[in-house]
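# Summary of structural features
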Amino acid sequence: MNEKQYTTPLLTRLKEHAAQQPIQFHIPGHKGGRGMDPEFRNFIGESALSIDLINIAPLDDLHHPHGSIKEAQELAAEAFGAEHTFFSVQGTSGAIMTMVMSVCTPGDKIIVPRNVHKSVLSAIILAGGHPVFVHPVMDPRLGIAHGVTKKDVERAIHLHPDAKAVLLINPTYYGIAANLAEIVECVHGYGIPVLVDEAHGVQTHFHERLPMSAMQAGADMAATSVHKLGGSLTQSSVLNVQGNRINHRRVQSIISMLTTTSTSYILLASLDAARRHLATRGRELVENALQLADKARREINQIPGISCIGRELLGSDAVYDMDETKLIIHLHSLGITGYDAERWLRERWNIEVELSDLYNILCLVTPGDTPDSIEVLIRALRDLSSHFYTEGKQERKAAQLPDIPSLAVSPRDAFYANTVTIPFTESAGRIIAEFIMIYPPGIPVLLPGERITEENIEYIQKHMEAGLPVQGPEDPDIRMIRVIREPR
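### Some thoughts on the overall build of the chain
- Broken down by element type, the chain carries 15 helices and 20 strands.
- For the chain, whose C-alpha radius of gyration is 23 Å, the value lies close to the compact-globule estimate of 23 Å for 488 residues.
- The burial tally for the chain puts 56% of its 488 residues in the buried class.
- Element-wise, carbon and sulfur atoms account for 50% of the exposed surface of the chain, whose accessible area totals about 21,100 Å².
- Between the averaged position of the 45 positive side-chain charges in the chain and that of its 58 negative side-chain charges there is a distance of 2 Å.

This is how it looks when you write it as structure tokens:
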């Protein structure tokens, strides 16, 4: 390992600058916290506020890195196996949007799974691109989408040989990975670059028991969320690039267009430190998390009415590997929804889960966990079972997943079209002009340009009745929906 991986060029430079206690006549106006509300200052602490700075000359500039930020990004590229790494303070959404807009121009086609994050589709709207959807393999028992297969991606390329890129997810929010290396090799055979939404896969590069990382699989770009599982602060991510199919200078231009000029040096410093932690101790940290997750999975699978999904799920191209630090807890015989369980765990045990859906809750085991936190989760789930499980209760019916609606017009055309607002319950057959999604995970059930079906309406209403966080339209109650005005 390069000994420089033990250093933090940006964090160190910021600390040195703060130690000099310069007399500041620049923003931010709180000037080290002295000019802000005392309660907030005391809670946050003087150390953090001392490095809440802007791109003054000694500290480098994220929009034109040439000093400590440049060095920090180069060390990150080495750590993640990339040729170029760009820091993002716009979250992974900003990095994803940069990826798409780096390869997609007005009218271009881009092949994407239907279960992509909203940020992918937002970028396609901004770029004026046209999505070509590949259907992910659906799991009717768990009620979730998994990965896509090489066969389906190749079929999409044959139908749309002019596609400019293929975007994949590795792994999904639930930790499931397709055979990424096989798909990348196939797509590259057609001379097409592969972009990867790796928002939930920052640790994959650092332990052999996890799915293969995007860079290891040969992908051209990967938007990788460091804050979700890698130890940096919320809203900080990286964009990794390799190979000659992508112009890294254009990537720099696009990410700069999408990034605030008032970049947070606290976020940037946290990326620098998280990279060091992963590069020097990543395998050890992931190994400890995996051992804790293994214990949790064994114990949970002994609880009546509940199961924790493991490697028995694997065995197909779309369900090729999994991140076992993600605990998919399936509530098959409790008679309650995942949302009910999430609320119950919060109110009774002060436990916050990552997400819930109609059939599952998702809990993440990270290097921040301990045997004690795992034990509390297990005790809480036993308590949940004792309250809701009745012996002999039949397992709930398999999840009824709606067909993916047809894309009638491009998302951009629909988003900017002349529209009218009508009752959602009366919108079947109309073309929607806004998003409807369940967040988390932020995957649209309907997106601009798709034709609404009765099945879509029933599916969304079922989630709303269960109390799940359905959102997206201008009307937060989703009583009214914006659709394209039909010609008279």
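### Topic: the sheet that holds strand E11 (residues 307-308)
- Spatially, the four strands line up as an open sheet ordered E11-E13-E15-E14, and their pairing is antiparallel. In this open sheet, the two strands that pair with only one neighbour each are E11 and strand E14 (355-356).
- As judged from the five bridges shared by strand E13 (residues 326-330) and strand E15 (residues 360-364), these two strands associate in the antiparallel manner. Paired with Leu327 across the strands is Cys363, a residue of E15.
- Relative to the sheet, helix H12 (residues 338-349) contacts E14 and E15, its axis offset from that of E15 by approximately 50 degrees.

### Brief notes about the sheet that holds strand E9 (residues 221-225)
- Ordered by their spatial adjacency, seven strands build an open sheet running E1-E10-E9-E8-E6-E2-E3, and the pairing between neighbours is mixed. Either end of the sheet is taken by a strand with one partner, and the two such strands are strand E1 (84-88) and strand E3 (130-134). Pairwise comparison of adjacent strand axes, ignoring direction, gives a mean angle of 20 degrees for this sheet.
- The pairing of strand E8 (residues 194-198) with E9 spans four bridges and is parallel. Bridged to Glu198 within E9 is Thr224.
- Contacting E1, strand E2 (109-113), strand E6 (165-169), E8, E9 and strand E10 (237-241), helix H5 (residues 91-103) crosses the sheet at an angle of about 170 degrees to E9.

### Considering helix H1 (residues 9-19)
- Within the span of H1, buried status applies to Pro9, Leu10, Leu11, Leu14, His17 and Ala18.
- Gln21 sits one or two positions beyond H1 and adopts a positive phi of about 45 degrees.

### Focus on the side chain of Asp272
- With respect to the helices, strands and loops of the structure, Asp272 is situated in helix H11 (residues 265-300).
- Separated by 3.1 Å, the side chain of Asp272 and the backbone nitrogen of Leu11 make a polar contact.

### Some thoughts on the pattern of salt bridges
- Inspection of the entire model under this criterion finds 23 salt bridges.
- Across the pair Glu474 and Arg482 runs a salt bridge whose closest N-O atoms are separated by 3.2 Å.
- On the basis of relative accessibility, which here comes to 14%, the residue Arg482 falls in the buried class.
- In the salt-bridge network here, residues are joined through shared partners; they are Arg209, Asp294, Arg311, Asp321 and Glu324.

### Section: a nonpolar patch on the surface
- A grouping of Phe40, Phe43 and Ile44 is seen on the molecular surface, where their side chains present a nonpolar patch of about 350 Å² in accessible area.
- Tracing the backbone shows Phe40 in helix H2 (residues 38-44).
- Phe40 sits in the partly exposed class, given a relative accessible area of 45%.

### Considerations on the pairing of E9
- Extensive coverage of E9 is indicated by the burial of five of its five residues.
- By the alternation rule, side chains of E9 split into Met221, Ala223 and Ser225 and Ala222 and Thr224, which are all buried.
- Bridge count for E9 against E10 is five bridges, and the pairing is antiparallel. Looking at E10, one finds that Ala222 is bridged to Asn240.

### What to know about the state of the cysteines
- By the definition in use, this model includes zero disulfides.
- Here Cys104 stays free of any disulfide, with the sulfur of Cys186 as its closest cysteine sulfur at 20 Å.
- With no disulfide partner, Cys308 has as its closest neighbouring cysteine sulfur the one in Cys363, 8.4 Å distant.
- A residue is classified by how much of its surface remains accessible, and Cys308, at 2% relative accessible area, is buried.

### Observations regarding the packing of aromatic side chains
- Enumeration over the complete set of coordinates arrives at three aromatic pairs.
- Between Phe415 and Tyr416, the ring centres sit 5.1 Å apart and the planes meet at 90 degrees, which makes this aromatic pair edge-to-face.
- Residue Phe415 is classed as partly exposed on the basis of its relative accessible area, which comes to 33%.
- The lysine or arginine in question, Arg114, covers the ring of Phe133, its NZ or CZ lying 5.3 Å from the ring centre.

### Examining H12
- For H12, with 12 residues, the first-to-last C-alpha span of 16 Å sits near the 16 Å given by 1.5 Å per residue.
- Those residues of H12 that sit buried are Gly338, Ala341, Glu342, Trp344 and Leu345. The buried residues of H12 occupy an angular sector of 165 degrees when the element is viewed end-on, so they sit on one face.
- Those residues of H12 that are buried lie in contact with E14, E15 and helix H13 (371-388).
- Two residues or fewer after H12 comes Asn350, characterised by a positive phi angle close to 60 degrees.

### Considerations on the packing of H11 against H13
- Packing of H11 against H13 brings their axes to within 10 Å, and their N-to-C directions diverge by 15 degrees. One finds that H11 runs roughly parallel with respect to H13. The hand of the H11/H13 crossing is right-handed. Packed against H11, whose contacting residues are Leu292, Lys295, Ala296, Glu299 and Ile300, the element H13 presents Pro371, Ile374, Glu375, Ile378, Leu381 and Arg382 at the interface.
- When grouped by side-chain class, the residues that make up the contact of H11 with H13 number seven nonpolar, no polar and four charged.

### Remarks on the pairing of strand E18 (residues 443-446)
- Here strand E17 (residues 436-438) runs beside E18; their pairing, made up of three bridges, is antiparallel. By the bridge assignment for E18, Ile436 is matched with Leu446.
- Hairpin connection from E17 to E18: four residues lie between these consecutive antiparallel strands, with Gly442 at a positive phi of about 90 degrees.

### Description of a negative patch on the surface
- A cluster of acidic residues, Asp403, Glu454, Glu455 and Glu458, forms a negative patch at the surface.
- A relative accessible area of 58% means that Asp403 is categorised as exposed.

Here is what the cut-offs are and how they apply
Residues numbered from 1 in each chain as written. Predicted model: local features only at pLDDT ≥ 70, side-chain atom pairs only at ≥ 80, totals over all residues. Heavy atoms only, no water. Helix = DSSP H or I, 4+ residues; strand = E, 2+ residues; numbered from the N terminus. Rg over C-alpha atoms; globule rule 2.2 N^0.38 Å. Buried < 20%, exposed > 50% of the residue type's maximum accessible area, 1.4 Å probe, protein only. Areas by Shrake-Rupley, 256 points an atom, 1.4 Å probe, with all protein chains shown as cover. Lys, Arg positive; Asp, Glu negative; His and termini not counted. Charge placed at Lys NZ, Arg CZ, Asp CG, Glu CD. Pairing = 2+ DSSP bridges. Contact = heavy atoms within 4.5 Å. Axes fitted to C-alpha atoms, helices over the stretch in contact; angles between N-to-C directions. Polar contact = N/O pair within 3.5 Å; in protein donor to acceptor, adjacent residues only side chain to side chain. Salt bridge = Lys/Arg side-chain N within 4 Å of Asp/Glu carboxyl O. Patch = residues over 30% accessible without salt bridge, like charges linked within 9 Å, V, L, I, M, F, W, Y side chains within 5 Å. Disulfide = S-S within 2.5 Å. Phe/Tyr/Trp six-rings, centres within 6.5 Å; stacked < 30°, edge-to-face > 60°. Lys NZ or Arg CZ within 6 Å of the ring centre and 35° of its normal. Expected span 1.5 Å × (residues − 1). Arc of directions from axis to C-beta. Parallel < 35°, antiparallel > 145°, perpendicular 65-115°, else oblique. Left-handed = near helix turned anticlockwise from the far one by under 90°. Nonpolar A, V, L, I, M, F, W, Y, C, P; charged D, E, K, R; others polar.

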